[in-house]
Amino acid sequence: VEVKIEVVIPEKERSKEEMSPNGKASPLVYKVNGTARHYHLEEHPIASNPYHNPKDVVEASVCHVKDLENGQMREVDLGCGKALLIKESGEFHAVGHKCPHYGAPLVKGVLSKGRVRCPWHGACFSISTGDIEDFPGLDSLPRFQVKIEKEKVYIRASKQALQTQRRTKMMAKCISLSNYNLSSTNVLIIGAGAAGLVCAKTLRQEGFSDRIVMCTMDRHLPYDRPKLSKSLDSHPEQIALRPKEFFCTYDIEVLTEMQVAAVDVKSKIAVFKDGFKMEYNKLLIATGNTPKTLSCKGKEMENVFNIRTPEDANRVVKLATSKNVVIVGASFLGMEVAAYLAERAHSVSLVELEHVPFKKFFGERVGRAVMKMFENNRVKFYMQTEVSELREQEGKLKEVVLKSGKVLRADVCVVGVGAVPATGFLKQSGINIDSKGFIVVNKMMQTNIPGVFAAGDAVMFPLALRNNKKVNVPHWQMAHMHGRIAALNMLAHGMEISTVPYLWTAMFGKSIRYAGHGEGFDDVVIQGDLDELKFVAFYTKSDEVVAVASMNYDPIVSKVAEVLAAGRTIRKRDKPLTVLRFFFSFRTGDMSWLTGKGS
């Protein structure tokens, strides 16, 4: 039997997609300030119907029906591109074969209950629609139609979809910006990171057609911030999350280099630093964090950096090449910068208060293995000490003096000692903020003030994985989900957050992947070889696994993330079982050994 895959929307499904979200074949109507407004959906060009251009369609035979068992995936080649063929519950599905985020091969990912999870960074996609269901990333997968004829399978697909491997869902546009007062908006988003952009994008995808304004202190449109420390020479246009045309097309206004100084929640007005005031109906606060600075003498000196913008990162690379670099803080940022500069700088020294890097996050044994990897790449560590003074010569940094008495030559200093929530402007607002400055929200990302939502690194929210304990999870993936949940609840969808935290770090061409929330772990169970940097570490609290990290063990972290997302418990006593047993039991759908219960 062969299978035919066709990248078209069936007539029946197409009629559904052309209907509005309220199920009626007419534009959805939102009432804003008493005025009814209609939306009109537009499809991004990459998701256009391939029947519009028959020459763009390719067809090829791929496999026999019996070649795939239930729960299996296979990449199939159409000559001009590939698709991912999936069989689950006796049905075939076909979608793009690469994750739209960074291009990971999804065939190496995890298939579970109607969705496939990326093996690299944990993004999830529906196998029946291609829609993105968990993050990171902004695009969905193209969905291809599957047909079985005379026990033969063919793929018929758009060449364009095969080449782009991504799809943007239908989005609304603002009806008439000319009708708006410049100082008034329906939705105001403070912050233009992942949370803010996903919020705006989700509103448009859900048919919201009123004014959306995003404001940011940055000079650039939203960009891929994690790349600042992983690839310091990236230019803003290279890491932009969306081009300028996207914001123009879908009427998402972005005010750059604009700082909000205060929010009057009673009058629903945001006051900017320059005195400008903007009235809003719904507000999202997604301001993220502000990097901590050093408190020692010389901290304001030239060539001392907190990497916050592309300009910061670019300048550090330029100044550090063939020079002496001192990095203060073995944080994710500090370690990633050290790894990037190791082959470019004359020397890289790293100063840290703890005795091993990442001890609180990954545990001592993993931390030591990572530290050894860095030492093998010419990075020198100065542990259990702090900076007491920065010395200059002719106005530029010359030396970093440590409290241990050691003096380090330094032409450039990068500070990565943590961050604090950027919420100082909210202190008199009445919005609930905890003692550390984090905005407290519920499962729907709502603050204590009606119509005011918060998302991203600056919030404390209930984490379902940890029995709804209020936590702060400053991860890129989580910021995406926060923004989506906030947008849906601005539209009164009543959606609660339930995602599993997922993060990654990249150093010397190797990645550590991590899922769960290991805060307060009391033991680490390691399988594999730390010396060979091929391992999986399970973080436990009492008898329960609360997080997992791995290096060179894909897709174990994505598999554990799926188990946790399903609400299952992994017990510490199960860890002596081989990783292979875990792999195979998950692949066949039998996870009973994890909990002692049937699947």
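On a predicted model such as this, the values are computed, not experimentally measured, just so you know.

Visitor: A description of unusual backbone geometry should follow, citing residues and the corresponding values.
Guide: The linkage connecting Phe 135 with the following residue, Pro 136, adopts the cis geometry, with an omega of 20 degrees. You can see Pro 136 is positioned in the loop between strand 12 (132-134) and strand 13 (143-149). Backbone torsion omega between Asp 554 and Pro 555 reads 0 degrees, so that peptide bond is classified as cis. Counting through the fold element by element, Pro 555 comes out in the loop between strand 41 (544-551) and helix 11 (556-565). The phi angle at Asn 468 is positive, at roughly 65 degrees, despite the residue not being glycine. Considering the arrangement of structural elements, one finds Asn 468 in the loop between strand 35 (459-463) and strand 36 (469-471). Not every positive phi belongs to a glycine, and Ala 492 is a case in point at roughly 65 degrees. With respect to the secondary-structure elements, Ala 492 resides in the loop between helix 10 (476-490) and strand 37 (502-507). Residue Ala 492 is classed as exposed on the basis of its relative accessible area, which comes to 69%.

Visitor: Before we move on, can you summarise the pattern of salt bridges with the specific residues and values?
Guide: Two side chains of opposite charge can pair, provided their charged atoms sit close to one another. According to the stated counting rule, one finds 22 salt bridges in the structure shown. A salt bridge links Arg 166 to Asp 139, with the nearest nitrogen and oxygen atoms 2.8 Å apart. Separated by 27 residues along the polypeptide, Arg 166 in the loop between helix 2 (159-164) and strand 15 (171-172) and Asp 139 in the loop between strand 12 and strand 13 bring together distant segments of the chain. For Arg 166, a relative accessible area of 30% corresponds to the partly exposed category. Here Glu 389 and Arg 391 are joined by a salt bridge, their closest N and O atoms 3.8 Å apart. For Arg 391, a relative accessible area of 34% translates into the label partly exposed. Salt bridges sharing common partners tie together Arg 115, Arg 117, Glu 133 and Glu 562.

Visitor: Go over the pairing of strand 26 (residues 347-352) with me, naming the residues and quoting the values.
Guide: In terms of burial, strand 26 is a largely internal element, five of the six residues being buried. The sheet contact formed by strand 25 (residues 324-328) and strand 26 spans five bridges and is parallel. The residue bridging Asn 324 from the neighbouring strand is Ser 347, located in strand 26. For the handedness criterion, the β-α-β arrangement of strand 25, helix 7 (residues 332-341) and strand 26 is classed as right-handed. When strand 26 meets strand 27 (residues 379-383), the two strands line up parallel, connected through five bridges. Across the sheet, residue Ser 349 finds its bridge partner in strand 27, namely Lys 380.

Parameters and conventions
- Residues numbered from 1 in each chain as written.
- Predicted model: local features only at pLDDT ≥ 70, side-chain atom pairs only at ≥ 80, totals over all residues.
- Heavy atoms only, no water.
- Helix = DSSP H or I, 4+ residues; strand = E, 2+ residues; numbered from the N terminus.
- Buried < 20%, exposed > 50% of the residue type's maximum accessible area, 1.4 Å probe, protein only.
- Salt bridge = Lys/Arg side-chain N within 4 Å of Asp/Glu carboxyl O.
- Pairing = 2+ DSSP bridges.
- Right-handed = clockwise from strand over helix to strand, strands pointing away.

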